[in-house]
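Below, each chain spelled out in residue letters.
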Amino acid sequence: MKIEEIRTLFDYNYWANQQILTACAQVSRDQYFARAAFPYGSLRGTLIHMLDAEQIWRVRCQQAAETPEISESNYPTLEALLALLRKEESAMRAYLAGLTEADLVNPIWYKASNGEPRSITLWHILIHVIIHGTQHRSEAAAILTSYHQSPGDIDFTVYLRSKGLQH
């Protein structure tokens, strides 16, 4: 894996997030909070989980002190969540900007949620963050579509074409 490939995948990740967030801005407050048949209970819960996981993994990669889980109650509106999403994106992009290809093969040691020490290769974590986000964006897209607010096609190839990277 090359660092530029990782950065391209994160560029896609944030582009796809924006497609979801643009559609989220079209739903009512009640729809944003409404129970949904997905693991994180609502559109808001899904977005918060996606953000929380990205932040946890970035902090682990930086070998910094663990941050507390992001609480839904601290983000009562989409606007409040958007501010935190922008802050996390900026932090992740700054972290990625400082990485070299040699860094990508380094093991990252962390404690699992049960306290068990674990290790995983850095590039594996970074790919996990992208795949994890994709899973939960698909859940958010399904919820949004049920509200007649589909985010549209958020495939990687659509992103590449939108940036002139594929013909």
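Being a predicted model, the structure only gives us computed values, none of them experimental.

**Q** Just to check I follow, could you spell out the packing of helix α1 (residues 3–24) against helix α3 (residues 43–61) for this structure?
**A** Each pair of packed helices can be summarised by the angle the axes make with each other and by the distance between the axes. With their axes 12 Å apart at the nearest point, α1 and α3 run at an angle of 160 degrees to one another. The angle between α1 and α3 falls in the class roughly antiparallel. Here α1 and α3 pass one another in a crossing that is left-handed. Residues Asn13, Tyr14, Asn17, Ile20, Leu21 and Cys24 of α1 pack against Leu43, Leu47, Met50 and Glu54 of α3. Taken together, the residues that form the contact of α1 with α3 break down as seven nonpolar, two polar and one charged.

**Q** Would you mind showing me how to read the nonpolar core here?
**A** As a rule of thumb, soluble globular proteins bury nonpolar side chains together. In this structure, Ile20, Leu43, Leu47 and Leu81 are the most contacted members of the largest nonpolar core, which totals 30 residues. For this core, the secondary-structure elements that each account for two or more residues are α1, α3, α4 (78–97), α5 (122–146) and α6 (156–162). Here this core gets seven residues from one element, more than from any other, and that element is α1. With residues near it in sequence (within four places) discarded, Leu81 still touches Tyr32, Leu47, Ile48, Leu51 and Tyr75. Counting 20 residues, the second largest nonpolar core, distinct from the first, contains Ile6, Leu9, Phe10 and Trp57.

**Q** In this structure, what is going on with α5? I would like to understand it.
**A** Each α-helix winds once per 3.6 residues, and so residues spaced three or four apart point in a common direction. In a regular helix each residue adds 1.5 Å, so 25 residues correspond to 36 Å; α5 covers 37 Å between its end C-alpha atoms and thus fits that length. Looking one or two residues past α5, His148 carries a phi angle of roughly 65 degrees, positive in sign.

**Q** What's the story with the pairing of strand β1 (residues 107–111) in this structure? I'm lost.
**A** The two faces of the sheet receive side chains in turn, since in a regular strand these alternate between them. Side-chain alternation along β1 places Ile108 and Tyr110 on a buried face and Pro107, Trp109 and Lys111 on a face that remains uncovered. The pairing of β1 with strand β2 (residues 117–121) spans five bridges and is classified as antiparallel. Bridging across to β2, Pro107 finds its partner in Thr121. Connecting β1 to the antiparallel partner β2 that follows it, the hairpin turn spans five residues, and Gly115 within it adopts a positive phi of roughly 90 degrees.

**Q** Can you walk me through the layout of surface pockets in this structure?
**A** Where empty space is left becomes clear once a probe the size of a water molecule has been rolled over the atoms. When its volume is computed, the largest pocket comes out at roughly 360 Å³. Residue lining of the largest pocket: 20 residues in total, with His49, Asp52, Ile56, Glu69 and Ser113 positioned closest to the centre. Of all the elements in the fold, those that place two or more residues in the lining of the largest pocket are α3 and β1. A per-element tally of the lining of the largest pocket places α3 first, with eight residues. Grouping the amino acids of the lining of the largest pocket by side-chain chemistry returns nine nonpolar, four polar and seven charged. In this structure, the second largest pocket occupies an estimated 190 Å³ of space. Lining the second largest pocket, in full, are Tyr14, Asn17, Gln18, Leu21, Met50, Leu51, Glu54, Leu82, Leu85, Arg86, Glu88 and Glu89. Mapped onto the lining of the second largest pocket, the elements with two or more residues apiece are α1, α3 and α4. The residue inventory of the lining of the second largest pocket, partitioned by class, reads six nonpolar, two polar and four charged.

**Q** Looking at this structure, how should I read the packing of α3 against α5?
**A** For the pair α3 and α5, interaxial distance at closest approach is 9 Å and the crossing angle is 175 degrees. Taken together, the axes of α3 and α5 are roughly antiparallel relative to one another. Residues Leu43, Thr46, Leu47, His49, Met50, Ala53, Glu54, Trp57 and Cys61 of α3 lie in contact with α5, whose contacting residues are Leu122, Ile125, His128, Val129, His132, Gly133, His136, Arg137, Glu139, Ala140, Ile143 and Leu144. For the contact of α3 with α5, the per-class residue count stands at twelve nonpolar, six polar and three charged.

Reading the values: rules and limits
- Residues numbered from 1 in each chain as written.
- Predicted model: local features only at pLDDT ≥ 70, side-chain atom pairs only at ≥ 80, totals over all residues.
- Heavy atoms only, no water.
- Axes fitted to C-alpha atoms, helices over the stretch in contact; angles between N-to-C directions.
- Helix = DSSP H or I, 4+ residues; strand = E, 2+ residues; numbered from the N terminus.
- Parallel < 35°, antiparallel > 145°, perpendicular 65-115°, else oblique.
- Left-handed = near helix turned anticlockwise from the far one by under 90°.
- Contact = heavy atoms within 4.5 Å.
- Nonpolar A, V, L, I, M, F, W, Y, C, P; charged D, E, K, R; others polar.
- Core = buried A, V, L, I, M, F, W, Y, C linked by side-chain atoms within 4.5 Å.
- Buried < 20%, exposed > 50% of the residue type's maximum accessible area, 1.4 Å probe, protein only.
- Expected span 1.5 Å × (residues − 1).
- Pairing = 2+ DSSP bridges.
- 1 Å grid on protein atoms, 1.4 Å probe; cavity = no way out; pocket = protein on both sides within 12 Å on 5 of 7 lines; lining within 4 Å.
- Points joined across faces, edges and corners; volume = space filled by probe spheres on them.

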